[in-house]
Amino acid sequence: MTIFDQILEAQELLGKNRESAQSPEEKKLLLLAIEALWFVWRNGQSYEFENYLKDVEANAPHRVIAAFNTRDEADAWLGTKPKPPDLALVLIADEYHVVLSSRDGTRCSLVPDPDLEYHLEGMMRDGLPPAVVMFNTREEADAWFNSQAEPPAQTVIRIGGEHYLAVYYRNINHRAMFPFSLVERLRERRKRRAEGGLGE
C-alpha cells in the first residue's frame, strides 16, 4: 500500500469518527487531523512524510532539518529565512538546538535542546544497549559509517570502551555519532536543579 493510499484510508477513518463524535471540540480536532494530512499531500510532502514514519518506527532520535559546524553558520542560515521554522530542531556541532521564533518571524533564536539526551536516557533504561559493531578508533568508526550508502536510522556502536549512537538523518543526508555519556549531562542538570530547590 502506497503512502497516498494510507493517507486516504486514514482520512476516511478520521471522517467516520468525526461523524460519530459527540462534542464540537472532538469534531474540530478530527477535522484538524484530516486537514493536516491534506496539507502533507497538497504540499508535495507525502514521500517525505513516509520517510519520517520510517524514522518513527525505528524509534530513532527526532529529526533535524539542518546541520551546521558552527553557531555562526546556523545564525547566518536562520537570517536567510523569511519565515523561520518555529520549533524545528537543528544540529550545531552535533548538538541539538530548537528554533524559537515569533509568529511574524521578526524575532528568532536557537536554543540548546536536551532532546537527544532524553532519547539516549530512554535507550538506557535497562542498562547500556548492546553494540552492533565495535571499533578501536573514531577514524575506523567514521570510515564504517561513511561507507554505507543509506545506514539504518540509528545503530549502537562501541569505540574503544565507550558506547555511541550512530544516527543517520535521511532527510538531510547527515551522519552523527553521539556518546551515551551525554546522559550524564542531563543527570547533572537535574542534580543542580534539585539542589537549587527547583525540582526537575
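What comes next is a walk through the structure. (Residues numbered from 1 in each chain as written. Predicted model: local features only at pLDDT ≥ 70, side-chain atom pairs only at ≥ 80, totals over all residues. Heavy atoms only, no water.)

## Topic: the sheet that holds strand E2 (residues 89–92)
What links the strands of a sheet is backbone hydrogen bonding, and the strands pair in either a parallel or an antiparallel sense.
Link 1 in the chain: With mixed pairing, four strands are arranged side by side in an open sheet as E1-E2-E3-E4. At either end of the open sheet lies a strand with only one pairing partner, and these are strand E1 (67–68) and strand E4 (108–112).
Link 2 in the chain: With four bridges joining them, E2 and strand E3 (residues 95–101) adopt antiparallel strand pairing. By the bridge assignment, Ile92 is partnered in E3 with Glu95.
Link 3 in the chain: The sheet contacts of helix H4 (residues 71–79) involve E1, E2, E3 and E4, and relative to E4 the element is tilted by about 145°. (Pairing = 2+ DSSP bridges. Helix = DSSP H or I, 4+ residues; strand = E, 2+ residues; numbered from the N terminus. Contact = heavy atoms within 4.5 Å. Axes fitted to C-alpha atoms, helices over the stretch in contact; angles between N-to-C directions.)

## Structural notes on the pairing of strand E6 (residues 154–159)
Link 1 in the chain: Within E6, five of the six residues are buried, leaving the element largely enclosed by the surrounding structure.
Link 2 in the chain: Two elements, strand E5 (residues 133–135) and E6, share three bridges in a ladder whose sense is parallel. Paired with Val133 across the two strands is Ile157, which belongs to E6.
Link 3 in the chain: A crossover links E5 with its parallel partner E6, the connecting element being helix H6 (residues 138–146), and its sense is right-handed. (Buried < 20%, exposed > 50% of the residue type's maximum accessible area, 1.4 Å probe, protein only. Right-handed = clockwise from strand over helix to strand, strands pointing away.)

## What about the pattern of salt bridges?
Link 1 in the chain: For the structure shown, the criterion picks out 12 salt bridges.
Link 2 in the chain: As a salt-bridge pair, Arg185 and Glu117 come within 2.7 Å of each other at their nearest N and O atoms. On the criterion of sequence distance, the pair formed by Arg185 in helix H7 (residues 182–195) and Glu117 in helix H5 (residues 115–123) is long-range, its members being 68 residues apart.
Link 3 in the chain: We note a salt bridge from Glu121 to Arg190, for which the minimum N-O separation is 2.5 Å. Note that Glu121 is positioned in helix H5 and Arg190 in helix H7, a separation of 69 residues in sequence. Taken individually, Glu121 and Arg190 each receive the classification buried, so the pair is uniform in this respect.
Link 4 in the chain: If you follow the salt bridges from partner to partner, you end up with Glu48, Asp55, Arg63, Glu150 and Arg170 in one network. (Salt bridge = Lys/Arg side-chain N within 4 Å of Asp/Glu carboxyl O.)

## Description of the sheet that holds E6
Link 1 in the chain: The strand order across the open sheet built from four strands is E5-E6-E7-E8, with neighbouring strands paired in mixed fashion. In this open sheet, the two strands that pair with only one neighbour each are E5 and strand E8 (174–179). Each strand axis lies, on average, 30° off the axis of its neighbour in the sheet, ignoring direction.
Link 2 in the chain: Two elements, strand E7 (residues 162–169) and E8, share six bridges in a ladder whose sense is antiparallel. Counterpart to Tyr164 in the pairing with E8 is Pro179.

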